[in-house]
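# Structural features, examined
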Amino acid sequence: MKFGKEYTAQMVPEWQEAYMDYNFLKSQLKEIQRFRQKKQPPASATPRGLRRKLTLYRAFSGLTQRHHHSPSPSPQQDIESQPIMVHAVDRGGSQNYETTFHMNAEEGGEYELVYFKRLDDEFNKVDKFYRSKVEEVMKEAAMLNKQMDALIAFRIKVENPTGSFDWSVEMTRLASDVASSTAVLSASTPRGARLNRKVSTVMEAIEEGSTHHEQSDDSNDDQDHVKQTVKPKAEVKKPKNIKGTRPAPLEVLDHVQLNHTFETPRSTIKGVLNFPGLTELNFSRKNLNKIEEQLKRTFIEFYRKLRLLKSYSFLNTLAFSKIMKKYDKITSRGAAKAYMKMVDNSRLGSSDEVTKLMDRVDKTFTKHFYNSNRNKAMRILRPKAKRERHRVTFSMGFLAGCTAALVLALILIIRTRHILDDKGSTKYMETLFPLHSLYGFVVLHMLMYAANIYFWKRYRVNHSFIFGFKQGSELGYNQVLLLGFGLAVLALGAVLANLDMQIDPQTKDYKTLTELIPLIVLLIVIAILLCPLNIIYLSSRVFLLTCLFHCICAPLYKVTLPDFFLADQFTSQVQALRSFEFYICYYGWGDFKHRENTCTTSGLFKTFSFIVAVIPYWSRFLQCLRRLFEEKDPMQGYNGLKYFLTIIAVCLRTAYSLSNNSMVWKVLAGVFSVFAAVASTYWDLVIDWGLLQRHSKNRWLRDKLAVPHKSVYFIAMVLNVLLRFAWLQTVLKFKFTFLHKEAMISTVASLEIIRRGIWNFFRLENEHLNNVGKYRAFKSVPLPFNYDEDEDKDE
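Structure report, in brief.

Parameters and conventions
Residues numbered from 1 in each chain as written. Predicted model: local features only at pLDDT ≥ 70, side-chain atom pairs only at ≥ 80, totals over all residues. Heavy atoms only, no water. Patch = residues over 30% accessible without salt bridge, like charges linked within 9 Å, V, L, I, M, F, W, Y side chains within 5 Å. Areas by Shrake-Rupley, 256 points an atom, 1.4 Å probe, with all protein chains shown as cover. Salt bridge = Lys/Arg side-chain N within 4 Å of Asp/Glu carboxyl O. Lys, Arg positive; Asp, Glu negative; His and termini not counted. Charge placed at Lys NZ, Arg CZ, Asp CG, Glu CD. Helix = DSSP H or I, 4+ residues; strand = E, 2+ residues; numbered from the N terminus. Disulfide = S-S within 2.5 Å. Buried < 20%, exposed > 50% of the residue type's maximum accessible area, 1.4 Å probe, protein only.

## Remarks on a positive patch on the surface
Where like charges cluster on the molecular surface, the positive patch consists of K2, K5, K30, R34, K38, K322, K325, K326 and K329. Looking at the positive patch, the elements that each hand over two or more residues are helix 2 (22-39) and helix 10 (285-331). Ranked by residue count, the leading element in the positive patch is helix 10, at 4 residues.

Structural data, given as structure tokens:
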């Protein structure tokens, strides 16, 4: 793989604009190369077979090494012989680097002058971004240090509620740990490492979140030894007021309160009712476990940020080295050494704050959260990348072939047996077809989701970060296809086994086992989904069920993107939910042996038809209200109003479909459905997709596009509008002689699922581009403790 492709593949997607533009600089070098080739004299008429490399004409160096003692040039002559000179300049309070090109008087020198100007711009951009991110992680490190102080004090109070605590023993143990980790770090730290005072202070503190200052003079010899090795460094590096303002270990708890984020139903209800004592410190084992879990997630996300920042520094340094080697290869100037010396001496190349901070976070996380079990801690901090397994690809292909074979077999059986002409075909379409169509809707949705994953990866949309998947646990498109085709094989096998139109002449009913096959398949699918064993992608099933539970319990849970994204998927699966409702009615109260039921005439069934159709939209409506309450964003109110209008339209369409072609219901359903469809279409295109921006540089689209082909966006917009109005069939009741009513309903429902699949891609693309614009590559994790404002100001 060429470096350019590897460089792009390893970028942090949300930071891609902050990386060195390797392809642009490469194009600048190609212009220099083209100019030089034009001015190059024509090749000699030497026969091709007699050509020799230039190295074959150089002086022979000898079989033994020859030492030539040539006088070294003076510094002035050395500077003048260099093609470039790089120096730092101070502009607007920030340090920038500029390159002076000494050969601009030569022919074609203006091309190289432009190249170095662009190169300096790219380096200053990268260096500035790196500096800002390092300062950001140092502030977070200082904040985590205070959180660790509070955690250890809280842990002491929980484990020693009576206050009987031997401080000398505990301080000796903590001090010994500090001494050992400091000695290891000193041995591994390169000589000449340069850290500013603030960085050293922060990183020294984070190593042991609460390596408390010595409190008494009667501590043992080990503690005195730690004072001698650590304290002098602290006196040099730390500000003078830190020792005076840093509280004693248990005194920290006098300045903190528990943060309450209202993430659970209980905490939400208490928060709405202003239940007293929410922020008071309750020293219980349950609260300690909760705090440790929150801080563990914070450390994991912080360590991930440090790893990506280290990768950012390495990749950009390597990119500058590669591009300068290309420059030297084209021009034979020998400028790479001088430029890379500047890069190595800059903050980007020489700073080791991130590496040292990673080491301290590593030690702290291992000790305080995994009882010094490094192997277990590293599996959490540094999860291994997911490996592509060939058996998944093989199984997916095998099941896809089985699906195609079963579909072909089903078509041939229907044609050869003339099943559609049979008297029992109408009864089959009204009873068993709605049962089997449930799997068709689910499989189609899974195929659309697999296509989404494929194109998200192809166009570098970081869907794993947006959804919040744990690294290594997300499903690839081939795994989703494997599950989809597996379900398709199971469902099609059930259809073929259940394709029985003949009634037993003696009992006048169908075979019991044959009629129970759809129910058996449904129970198998539910059992696999709820199975607690670590089989069939347990982590993904748990994630799905958790989001589903949050949707059902809206608005009691804090709304995250996976939650409302899943609720949006269910708004396109209304017909599948009605099929599930029909399962309950058919096998619960119907006579499945004779393929007869009274579901369509039952008042209770009709009532639940309204409820089932409204549930997904009602869930989204409540989620919008929750976000409006928390974020105070009026757009969430407008979004909730859109879903409320859709609820009215769905209820009216359901009432009309269950009525006897009442004109009143038809007019009301048509009017409200038009308003809901127009509002939803506008929201899809303008808000969710971010398109139709009149003054964008991409006319009627948006400034940033992940897909290079603009026509794709216009086609998607047209399809979204057309498929949004597929509900017209419900009101106008188009009739086709070759399609049964149930088949027509399933076709319209399938078109809505396809529309949702298209919507999914552009919705996440817009979310990703918003993250890119804000360089947002990390999730914000709520911290357990909140320090008093007065105490924070003092520090």
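Additional details are given in the paragraphs that follow.
## Some thoughts on the state of the cysteines
Note: disulfide means a covalent bond formed between the sulfur atoms of two cysteine side chains. Under the counting rule described, the total for this entry stands at 1 disulfide. Two residues, C585 and C599, share a disulfide whose sulfurs are 1.9 Å apart. Between C585 and C599 the sulfur-sulfur dihedral comes to about -115°; the bridge is accordingly left-handed. Of this pair, C585 sits in helix 22 (residues 574-589) while C599 sits in the loop between helix 22 and helix 23 (603-631), and the two are 14 residues apart along the sequence. Both residues of the pair, C585 and C599, count as buried. There is no disulfide at C551, and the cysteine sulfur nearest it, in C547, is 6.8 Å away. C553 carries a free sulfur, and the closest cysteine sulfur to it, the one in C551, is 9.5 Å from it.

## Some details on a nonpolar patch on the surface
A cluster of nonpolar side chains, contributed by L490, L513, I520, I524, I528, L533, I535 and I536, occupies part of the molecular surface with about 670 Å² of accessible area. If you tally residues by element for the nonpolar patch, the top one is helix 19 (residues 512-530), at 4 residues. When you line up the elements, I524 lands in helix 19.

## Topic: the pattern of salt bridges
With the rule as written, the count across this model stands at 27 salt bridges. For D121, the salt bridge is made with K117, and the minimal N-O distance between the two is 3.3 Å. Of this pair, D121 and K117 are both found in helix 4 (residues 109-159), 4 residues apart, which corresponds to roughly one turn of the helix. Relative accessible area serves as the criterion here: at 35%, D121 is assigned to the partly exposed category. Of the charged contacts, one joins E630 and K558 as a salt bridge, the two residues approaching to 3.5 Å between their closest N and O atoms. Of the two residues, E630 sits in helix 23 while K558 sits in the loop between helix 20 (538-552) and helix 21 (561-571), which places them 72 residues apart along the sequence. The partly exposed category is assigned to E630, whose relative accessible area is 28%. One connected set of salt bridges, linked through shared partners, spans R36, E106, E112 and R333.

Honestly, that's just the spatial picture; any functional story needs more than this.
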